[in-house]
Amino acid sequence: MEKPLTDPSAFDSDAAHTFIREHVRPVEQAVHAVLFGNGDPSAVVDSLLPYRNDDGGFGHGLEPDKQVPDSQALDVEIAFERMATAGALAPEVLAPACDWLATIADDRGAVPILMPNSNRPPRAAHWNAAAYLPALNPTAAIAGHAHAIDVMHPSLAGHSRPVSPVIGASCVKMFKPS
């Protein structure tokens, strides 16, 4: 008799690792290698570079439910999350992303999850009703991931981690409490 999928002993971790190595995008493969093997966190950064735009932001379907090439805060969130998960610090990637976020932030420092240019197909239907207003989502997640990878700014001084001198002041406004 087969074990139900809810039984942890029924999980075939070898099959899961093989599936990831053979079928997922390079960025997820790189994160997987760091978490479950001897992967190098810098490989995660390298795997994110094809999603990076000249403006410093990320796009090109890094969050795959929308495929627009333009930079989106949601894609920056995903990039920061992947770097935080892998323990990768790449100021040369993080600072320009913060610079780009500062260009779309409102006076409170909040950013919209998507920009109006994300309306172009292909995209998942759940993005059809997206509001393009700066909001807690994704701003809080971006700030949390930034905190996890020591992208700290004077506005966050006093937290458990030191202020990183390598990231420019462009994120200060975005992460500044209102």
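Chemist: Got a minute to help me understand the overall build of the protein in this structure?
Modeler: Helix and strand counts for the protein stand at seven helices and two strands. Counting from the amino terminus, helix and strand elements in the protein follow one another as α-α-α-α-α-β-β-α-α. Within the protein, the fraction of its 178 residues that count as buried is 40%. Of the contacts made within the protein by residues no fewer than 6 positions apart, 52% connect residues no fewer than 24 positions apart. With the model as given, the accessible surface of the protein reaches about 9400 Å², and the carbon-plus-sulfur share is 59%.

Chemist: Is there a simple way to think about the confidence of the model for the protein in this case?
Modeler: Residues shown with low pLDDT carry predicted positions that ought not to be read at fine detail. Per-residue confidence for the protein gives a mean pLDDT of 81; residues scoring 70 or more make up 79%. Mean pLDDT values over the elements of the protein span from 49, in helix H7 (residues 170-175), up to 97, in helix H3 (residues 41-48). Across residues 152-170, where pLDDT falls below 50, the model places 38 contacts with residues more than four positions away in sequence or in other chains.

Chemist: Just checking my understanding: could you explain the side chain of Arg82 for this structure?
Modeler: Counting through the fold element by element, Arg82 comes out in helix H4 (residues 73-86). If we skip the residues at most four places from it in the chain, Arg82 touches Val27, Glu28, Val31, Val44 and Leu48.

Chemist: Before we go on, may I ask you to explain the nonpolar core in this structure?
Modeler: Nonpolar side chains in soluble globular proteins tend to be buried together. The biggest cluster of nonpolar side chains holds 32 residues, and the ones touching the most others in it are Leu48, Phe58, Leu62, Phe80, Met83 and Leu101. Membership of the second largest hydrophobic core comes to five residues, among which are Leu74, Ile113, Trp127 and Ala130.

Chemist: Is there a simple way to explain the packing of H4 against helix H5 (residues 91-104) in this structure?
Modeler: The axes of two packed helices give the description: the angle between them and the distance between them. Here H4 crosses H5 at 150°, and the two axes come no closer than 11 Å. It follows from the interaxial angle that H4 and H5 lie roughly antiparallel. Pair H4 / H5 crosses with left-handed handedness. Of the residues in H5, those touching H4 at Ala73, Val76, Phe80 and Met83 are Val93, Leu94, Ala97, Cys98, Trp100, Leu101 and Ile104.

What counts as what
- Residues numbered from 1 in each chain as written.
- Predicted model: local features only at pLDDT ≥ 70, side-chain atom pairs only at ≥ 80, totals over all residues.
- Heavy atoms only, no water.
- Helix = DSSP H or I, 4+ residues; strand = E, 2+ residues; numbered from the N terminus.
- Buried < 20%, exposed > 50% of the residue type's maximum accessible area, 1.4 Å probe, protein only.
- Contact = heavy atoms within 4.5 Å.
- Areas by Shrake-Rupley, 256 points an atom, 1.4 Å probe, with all protein chains shown as cover.
- pLDDT = per-residue confidence, 0-100.
- Core = buried A, V, L, I, M, F, W, Y, C linked by side-chain atoms within 4.5 Å.
- Axes fitted to C-alpha atoms, helices over the stretch in contact; angles between N-to-C directions.
- Parallel < 35°, antiparallel > 145°, perpendicular 65-115°, else oblique.
- Left-handed = near helix turned anticlockwise from the far one by under 90°.

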